[in-house]
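Residues per chain are reported as follows:
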Amino acid sequence: MPMNIPVPKDRLVSLLPQPLLRFFSRYPPSQPIPADKPHPFEFHINPISGNRNDPVYSRRRQADLINKARPFGLDGILKEMGALRDMGSAKPMKGLIKWKRHKSERTYKSRMQKRADALEGMAEKIKAWNPEKAEGKARRLAEKEANIKAATRE
């Protein structure tokens, strides 16, 4: 709803989505949060066990509340109450700074360079190699024919 159109407060309340109405009925913005209730956006420590209990509204539910409150101009109130506070400036994980990549991706340039080097003088290598192959093949055929003739004479 645009902010420049005046709407009576009772009508504004009837236009609010149900999750926002529930939140503001449990935690009115004009009153401080009671000591017996945990802060809705922060974890609290159980005094008996010493365990950390999760916040009443998770980060996803906080974001949902803010997104539903934004059209009514109430997102600032939620942020003042502590919704979606910054988690701190922790160092990013190693993989997020520079991804290692797969081995095939890392070695691609060197493999392509080896392949290009191997293909560089290939025409001359083929010319030099074929006569030797042809001579060897002719020699083996001649030996084979000689063996067959010798076997048939006997």
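Residues numbered from 1 in each chain as written. Predicted model: local features only at pLDDT ≥ 70, side-chain atom pairs only at ≥ 80, totals over all residues. Heavy atoms only, no water.

(A) Representation of the overall build of the chain. Scanning the chain for helices and strands turns up eight helices and two strands. Listing every helix and strand of the chain by position from the N terminus yields α-α-β-β-α-α-α-α-α-α. Put simply, of all contacts in the chain between residues at least 6 apart along the chain, 43% involve residues at least 24 apart. Accessible surface computed for the chain: about 13100 Å², of which carbon and sulfur atoms make up 57%. (Helix = DSSP H or I, 4+ residues; strand = E, 2+ residues; numbered from the N terminus. Contact = heavy atoms within 4.5 Å. Areas by Shrake-Rupley, 256 points an atom, 1.4 Å probe, with all protein chains shown as cover.)

(B) Broad picture of helix 2 (residues 18-26). Looking only at helix 2, the buried set comprises L20, F23 and F24. Along helix 2, the residues classed as buried sweep out an arc of 90° about the axis, all on the same side. Check the buried side of helix 2 and you find it contacts helix 3 (59-69) and helix 4 (75-81). (Buried < 20%, exposed > 50% of the residue type's maximum accessible area, 1.4 Å probe, protein only. Arc of directions from axis to C-beta.)

(C) Seen up close, the nonpolar core. Counting residues in hydrophobic clusters, the biggest one holds 15 residues, and the most contacted among them are L20, F23, F41, L65 and L78. Residues within four places of F23 in sequence aside, it is in contact with P40, F41, Y57, L65, L78 and M81. (Core = buried A, V, L, I, M, F, W, Y, C linked by side-chain atoms within 4.5 Å.)

(D) Highlighting the packing of aromatic side chains. According to the stated counting rule, one finds six aromatic pairs in the structure shown. Relative to Y27, the ring of F23 has its centre 5.5 Å away and its plane inclined at 40°; by these criteria the two rings are tilted. A connected cluster of aromatic rings, assembled from ring pairs, spans F23, F24, Y27, F41 and Y57. Between the NZ or CZ atom of R52 and the centre of the ring of F43, over which it lies, the distance is 4.1 Å. (Phe/Tyr/Trp six-rings, centres within 6.5 Å; stacked < 30°, edge-to-face > 60°. Lys NZ or Arg CZ within 6 Å of the ring centre and 35° of its normal.)

(E) Expanded view of the side chain of D75. Mapped onto the fold, D75 is located in helix 4. You can call D75 buried: its relative accessible area is 18%. Not counting residues up to four positions away in its chain, the partners in contact with D75 are I66, A69 and R70.

(F) Molecular detail of the environment of P55. Looking at the element boundaries, P55 is found in the loop between strand 2 (52-53) and helix 3. On the accessibility criterion, P55 (25% relative accessible area) is partly exposed. For the pair P55 and F43, spaced twelve residues apart in sequence, the C-alpha separation works out to 4.4 Å. Setting aside residues up to four positions removed in sequence, P55 forms contacts with P40, F41, E42 and F43.

(G) Structural view of a nonpolar patch on the surface. Nonpolar side chains collect at one region of the surface, where L119, M122 and I126 lie side by side and expose about 260 Å² of accessible area between them. Relative to the helices and strands, L119 is located in helix 7 (residues 108-120). (Patch = residues over 30% accessible without salt bridge, like charges linked within 9 Å, V, L, I, M, F, W, Y side chains within 5 Å. Salt bridge = Lys/Arg side-chain N within 4 Å of Asp/Glu carboxyl O.)

(H) Structural view of unusual backbone geometry. Here the phi dihedral of R101 falls at roughly 75°; this positive angle occurs in a residue that is not glycine. Here R101 lies in the loop between helix 5 (94-97) and helix 6 (103-106). Using a relative accessible area of 41% as the deciding quantity, one classes R101 as partly exposed.

Treat this as a map of the structure, not an account of what it does.
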